[in-house]
Amino acid sequence: MGVSGGADSVALLRALRSADVTLVVAHVNHRLRDAESDGDEAFVRELCAGLGLECCVLSADVAALAAGDNLESTARRVRYEFFTQVAVESGAGWIATAHTADDQAETVLHRLIRGTGIQGLRGIAAERPSGAFPAGKVGDRSIVRPLLSVTRADVLAYLNELGQPFRTDSSNGDPKFTRNRVRHELLPLLKTFNPEIVGALAHLAEHANEAHDIVTAAAADLLSRAELPPAADTVILDAATLRSASPGLMRAALRLVWEREGWPVSDMTFAAWERAVSVAGGSASACDFPGGVRMRGAGKVVQLTRRV
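Keep in mind that what you see is a predicted model, and the values were worked out from it rather than measured. (Residues numbered from 1 in each chain as written. Predicted model: local features only at pLDDT ≥ 70, side-chain atom pairs only at ≥ 80, totals over all residues. Heavy atoms only, no water.)

1. A look at the sheet that holds strand S4 (residues 127–128)
Spatially, S3-S5-S4 is the arrangement adopted by the three strands of the open sheet, whose pairing is mixed. Each end of this open sheet is capped by a strand with a single partner; those strands are strand S3 (94–96) and S4. Of the pairings in the sheet, the one linking S3 to strand S5 (residues 142–144) comprises three bridges and is parallel in character. By the bridge assignment, Trp94 is partnered in S5 with Ser142. (Pairing = 2+ DSSP bridges. Helix = DSSP H or I, 4+ residues; strand = E, 2+ residues; numbered from the N terminus.)

Next up, the structure:
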């Protein structure tokens, strides 16, 4: 399991250890907070030694690796790549992380602020299937999040009961990060309207996930009926079959194409998906999208290609 040294991961570590689960701990020192980062690493090593657990550590200069890209996403990529490596080398059947109900609420709010649809409202998945890992590297392993229904207050109460110390990441209080403002400003404000807002947002994520599953199944059926044999690197879809569906279902089917082909889904804004639906629906003849993807109507078919 991944352990940062913070309250959530330390609580999950102690809970799983008390349940006599066989564990291998993975910790990433991102080297972003100098002595504080090294202190986190030392704390996790000492904690694992005291619990009799193997501790695998990666020290990575994440700032250098980001090289102008998003620092948070780079750090996340480095973490999960390392967790994957440790899982494979140790023969672990799963990878556990310590996201809580508060993390879920913050994620849903953050995505709402940025602008999202049902896909984003799903928040953090309780279990991420093996297909989310790099192909061929992990087999049937999944990421699991056992604390996703547990609040941060419950975590702190549990650690207090154990007398278990933990580390505090000073960057979590930095207001320049939107996520921190959601945590320290927006969520407390919303609690004045509804003290159970964390649970309410968690339920919203669950309902969005159910709705997403229904839409995805229908979109997969539409795509299977609309897709024709490809021509070289061009995806070809039957226009009439696409246009028999609602715009929302067309959008979901096109998203499945993007995901399957490995095109940059994260760069597709709501407006971009609307343009894609316009081409699929016949109200626009062609459009270019992020990552060199081009979509155009050609008589009875819709063609999608990506320029390399």
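2. Concerning the UniProt feature "binding site: ATP" (unreviewed entry) in the protein chain
As annotated in UniProt, the feature "binding site: ATP" (unreviewed entry) corresponds to Ser4, Gly5, Gly6, Ala7, Asp8 and Ser9 in the numbering used here. Structurally, the position occupied by Asp8 is in helix H1 (residues 7–18). Judged by relative accessible area, Asp8 falls into the buried class, the value being 14%. Not counting residues up to four positions away in its chain, the partners in contact with Asp8 are Ala98, Thr100, Asp103, Leu147, Arg152 and Val155. Structurally, Ser9 is set in helix H1. Not counting the four nearest positions on each side in its chain, Ser9 is found in contact with Met1, Gly2, Val3, Ser4 and Ala98. (UniProt positions renumbered as here; feature names shortened; annotations may be inferred. Buried < 20%, exposed > 50% of the residue type's maximum accessible area, 1.4 Å probe, protein only. Contact = heavy atoms within 4.5 Å.)

3. Considerations on the packing of aromatic side chains
What the rule picks out here adds up to four aromatic pairs. With a centroid separation of 5.7 Å and 75° between ring planes, the pair formed by Tyr80 and Phe83 is classed as edge-to-face. With Tyr80 and Phe83 both in helix H4 (residues 71–90), this residue pair falls three residues apart, about one helical turn. Comparing Tyr80 with Phe83 shows no difference in burial state: the two are buried. Both rings, one in Trp258 and one in Trp273, keep their centres 5.1 Å apart while their planes meet at 70°; by these two values the pair is edge-to-face. Taken together, the residues span a long stretch of sequence, with Trp258 in helix H11 (residues 247–261) and Trp273 in helix H12 (residues 270–281) at a distance of 15 residues. Since its relative accessible area comes to 0%, Trp258 is described here as buried. Classification of Trp273 by relative accessible area gives buried; the value is 5%. An aromatic cluster is built from Trp258, Trp263, Trp273 and Phe289, whose rings are joined through pairwise contacts. (Phe/Tyr/Trp six-rings, centres within 6.5 Å; stacked < 30°, edge-to-face > 60°.)

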